[in-house]
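# Inside the fold
Residues per chain, in single letters:
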Amino acid sequence: MSSLADRLHRALIAGQGEHPVLLTGDRAELDLGPDDRMSPAAVLVPVTDRPRPGVILTRRPETMRRHAGQVAFPGGRVDPGEDVITAALREAEEEIALPRAVVSVIGTVDSYRTVTGYIVTPVIAVVPPDLRLVPNAAEVAAVFEVPLDFLLDTANHVEATVEWQGHERHYYEINWEGHRIWGATAAMIVNLARRLRWAS
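The text that follows walks through the structure, step by step, so that each part is easy to find. (Residues numbered from 1 in each chain as written. Predicted model: local features only at pLDDT ≥ 70, side-chain atom pairs only at ≥ 80, totals over all residues. Heavy atoms only, no water.)

When the terminal C-alpha atoms of helix α3 (residues 84-96) are compared, their 18 Å separation across 13 residues agrees well with the 18 Å that a helix rising 1.5 Å per residue should span. Looking only at α3, the buried set comprises Ala-87, Ala-88, Leu-89, Arg-90, Glu-91, Ala-92, Glu-95 and Ile-96. Where the residues of α3 are buried, they touch β1 (39-48), β2 (54-59), β4 (75-77), β5 (104-108), β7 (118-127) and β8 (142-147). One or two steps after α3, the chain reaches Ala-97, where phi turns positive at roughly 55°. (Helix = DSSP H or I, 4+ residues; strand = E, 2+ residues; numbered from the N terminus. Expected span 1.5 Å × (residues − 1). Buried < 20%, exposed > 50% of the residue type's maximum accessible area, 1.4 Å probe, protein only. Contact = heavy atoms within 4.5 Å.)

Once rolled over the atoms, a probe with the size of a water molecule shows which space is left empty. The full count for this structure, using the stated rule, is 1 cavity of 30 Å³ or more. Approximately 70 Å³ is the volume found for the largest cavity. Along its surface, the largest cavity is lined by Val-45, Phe-73, Val-109, Asp-110, Pro-122, Met-188, Ile-189, Asn-191, Leu-192 and Arg-195. Of the residues forming the lining of the largest cavity, the biggest block, 5 residues, is contributed by helix α5 (residues 183-195). (1 Å grid on protein atoms, 1.4 Å probe; cavity = no way out; pocket = protein on both sides within 12 Å on 5 of 7 lines; lining within 4 Å. Points joined across faces, edges and corners; volume = space filled by probe spheres on them.)

Moving on, we get to unusual backbone geometry. Residues other than glycine seldom take positive phi values, yet Ala-97 does so here, at roughly 55°. For Ala-97, the position within the fold is in the loop between α3 and β5. A positive phi is found at Glu-177, a non-glycine position, where the angle reads about 45°. Among the secondary structure elements, Glu-177 is positioned in the loop between β10 (167-176) and β11 (179-182).

Take a look at the structure:
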């Protein structure tokens, strides 16, 4: 295990002993029903093993029916017979050609319920830097990397409000070099910042 993997593992263990206020999602607000009626999904949070670690993110094509143009972690639905780790690795391989053989899984963190009816589990992992990643054009328009310390810095977590389907909806957004990270992806990052005992 690399020194970065060791640091992330220790930071996750340290965070498990604390009880931060975590964002749980929009289920209660929009009355989507209990967790067991939601579809399981998983995302990979790939942290690059470099002196200043980064996190690999994707931007969805503008042509997608849902989440067009949004920034996301690689990930998707958990297929029958899969666990969340297997699903996250499969989706990352399908979406950006990230070979699962080079991924060192650290662990999972708190799930987040999305407005579209998924309960999403982030899977934290370490990957080698400067991999040749190839976006699947049907699902990914671009792949980019944001420094981990920038994402975890609460000063970069901007609170916003929007009126949506008759409800006032509160959310976070994070802006990095022209990329607007918001919605469920930003919420999972905020949760990670509150859970991960990380010192840059």
